[in-house]
Amino acid sequence: MKKVLFAILFMLSLISCEKYPLDSKSFEQDANLFVNTSISGKSPVSRAQKPLSELCSKISFALYNNGERVKSISQSADNNGFGSIAVKILPGTYTLLVVGHSTSANATTTDIQKISFSGKVSDTFVYSEEIEIGEEPLTINAEAVRNVAMFQLNITDDIPAEVSRLKFYYTGGSSSFDATTKAGSVNSRQTEYRDANPSKKTYEIFTFPHNTGDDKLKITISALDDADNVIAERVLTDVGVETGFITRCSLSLFDGAEGGNNQQVDISITADDKWKGVRDYIPY
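Residues numbered from 1 in each chain as written. Predicted model: local features only at pLDDT ≥ 70, side-chain atom pairs only at ≥ 80, totals over all residues. Heavy atoms only, no water.

## Brief notes about the overall build of the protein chain
And then number 1: Within the protein chain, the secondary structure is distributed over two helices and 18 strands.
And then number 2: Taking contacts inside the protein chain between residues at least 6 apart in sequence as the whole, the part at least 24 apart equals 68%.
And then number 3: Only carbon and sulfur atoms are counted for the fraction: they give 48% of the accessible area of the protein chain, which is about 14000 Å². (Helix = DSSP H or I, 4+ residues; strand = E, 2+ residues; numbered from the N terminus. Contact = heavy atoms within 4.5 Å. Areas by Shrake-Rupley, 256 points an atom, 1.4 Å probe, with all protein chains shown as cover.)

Structure follows, in structure tokens:
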């Protein structure tokens with residue numbers, strides 16, 4: 001009897017490490033957990049949903065038992081069945097994690113309290129809930145929520161032709177998050193580069209705010225040429241960011257003149273892919 005039980009557990013462990021296509025009829029018949037993902041705005045006006053696969057290029061699924069990850073699956077937009085999974089797992093109580101993002105690397109989900117992306121942060125959506133799996137098939141429609149803040153730079157003057165990219169170096173936020181709280185879990189020094197174009201005036205960066213809910217970033221924006229020489233630079237302090245909000249800053253980067261205005265624009269979420277609002281930051 002012990003040998004038979006060991007053989008069953010061994011076969012299940014092999015299954016848990018494999019990725020099966022969603023259209024595998026034989027596997028679907030054997031699966032006891034099905035997960036479909038969407039993104040939903042928590043607006044009292046609307047509960048509109050959109051497939052998470054339309055907002056992200058990568059989705060990671062993970063199951064944890066008593067804090068230990070027992071299964072993980074990563075998908076890319078070109079995978080068959082992107083945005084849904086069908087898996088076989090032993091009955092029990094688990095925490096299901098779904099992370100949608102668009103960074104080049106897969107999410108690191110080994111520690112549920114420190115989900116990271118090789119130091120990079122894109123627009124990110126997360127679902128994390130405790131589930132009970134039994135012998136009968138269980139279908140979960142996981143509604144993920146946005147758990148990042150965006151800083152949006154609008155350049156009001158002309159971008160010189162010799163500028164090839166912009167460098168954003170910022171502190172005060174986090175490049176990893178705790179999936180149990182959906183808040184930033186480390187104090188990061190983040191660096192992002194964006195290719196510059198004279199016709200492109202808007203650039204965006206992201207961070208995971210901490211539990212305080214209103215982090216203050218210090219952002220150094222450097223305009224670089226092909227040899228990484230600094231053409232122009234601005235330092236912004238006390239830039240408030242909050243989960244689900246865009247902090248928008250309009251400035252003249254190359255001649256020192258201030259741009260933008262001090263109007264705050266609040267956007268009500270009426271669809272799942274809308275930000276909670278926009279707050280203007282006026283540089284000193």
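## Description of the side chain of Thr247
And then number 1: Residue placement: Thr247 occurs in strand E17 (residues 245-251).
And then number 2: Ignoring anything within four residues of it in the chain, the contact list for Thr247 reads Met150, Phe151, Gln152, Val239, Gly240, Val241, Arg279 and Tyr281.

## What to know about unusual backbone geometry
And then number 1: The residue Asn66 is not glycine, and still its phi comes out positive at about 55°.
And then number 2: Despite not being glycine, Asp238 has its phi angle at roughly 55°, a positive value.
And then number 3: Along the chain, Asp238 turns up in strand E16 (residues 230-241).
And then number 4: Take Asp238: its relative accessible area is 49%, and that puts it in the partly exposed class. (Buried < 20%, exposed > 50% of the residue type's maximum accessible area, 1.4 Å probe, protein only.)

## Observations concerning the nonpolar core
And then number 1: Ranked by internal contacts, the top residues of the largest apolar core, which has 24 residues, are Phe151, Leu153, Leu166, Phe168, Ile219, Ile221 and Leu236.
And then number 2: Going through the elements one at a time, strand E9 (149-155), strand E10 (165-171), strand E14 (202-207), strand E15 (215-224), E16 and E17 are the ones with two or more residues in this core.
And then number 3: Beyond its immediate stretch of four places on either side in the chain, Phe168 contacts Phe151, Leu153, Gln190, Thr191, Glu192, Arg194, Tyr203, Ile205, Ile219, Thr220 and Ile221.
And then number 4: Core analysis: the next-biggest nonpolar cluster, separate from the first, contains 23 residues, Cys56, Ile59, Ile73 and Ile140 among them. (Core = buried A, V, L, I, M, F, W, Y, C linked by side-chain atoms within 4.5 Å.)

## Some details on the environment of Phe206
And then number 1: Tracing the backbone through its elements, the reader meets Phe206 in strand E14.
And then number 2: Accessibility expressed as a relative area gives 10% for Phe206, which makes it buried.
And then number 3: A C-alpha to C-alpha distance of 6.2 Å links Phe206 and Phe151, two positions 55 residues apart in sequence.
And then number 4: Among all residues touching Phe206, those that are not within four sequence positions of it are Val121, Ser122, Asp123, Val148, Ala149, Met150, Tyr170, Gln190 and Trp275.

## Overview of the pattern of salt bridges
And then number 1: A full pass over the atoms with the stated rule returns five salt bridges.
And then number 2: A salt bridge links Asp228 to Arg165, with the nearest nitrogen and oxygen atoms 3.0 Å apart. In this pair, Asp228 sits in the loop between E15 and E16 while Arg165 sits in strand E10, placing the two residues 63 residues apart along the sequence.
And then number 3: The class of Arg165 is partly exposed, set by a relative accessible area of 23%.
And then number 4: Measuring nitrogen to oxygen at the nearest pair gives 3.6 Å for the salt bridge that ties Glu242 to Arg279. In this pair, Glu242 is assigned in the loop between E16 and E17 and Arg279 in strand E18 (residues 277-281), connecting sequence segments 37 residues apart. (Salt bridge = Lys/Arg side-chain N within 4 Å of Asp/Glu carboxyl O.)

## Observations concerning the sheet that holds E16
And then number 1: Strand order across the open sheet formed by four strands is E13-E10-E15-E16, with antiparallel pairing between neighbours. Here the strands that pair on one side only, and so sit at the sheet edges, are strand E13 (189-195) and E16. Recorded for the sheet is a direction-independent mean angle of 20° between the axes of neighbouring strands. (Pairing = 2+ DSSP bridges. Axes fitted to C-alpha atoms, helices over the stretch in contact; angles between N-to-C directions.)

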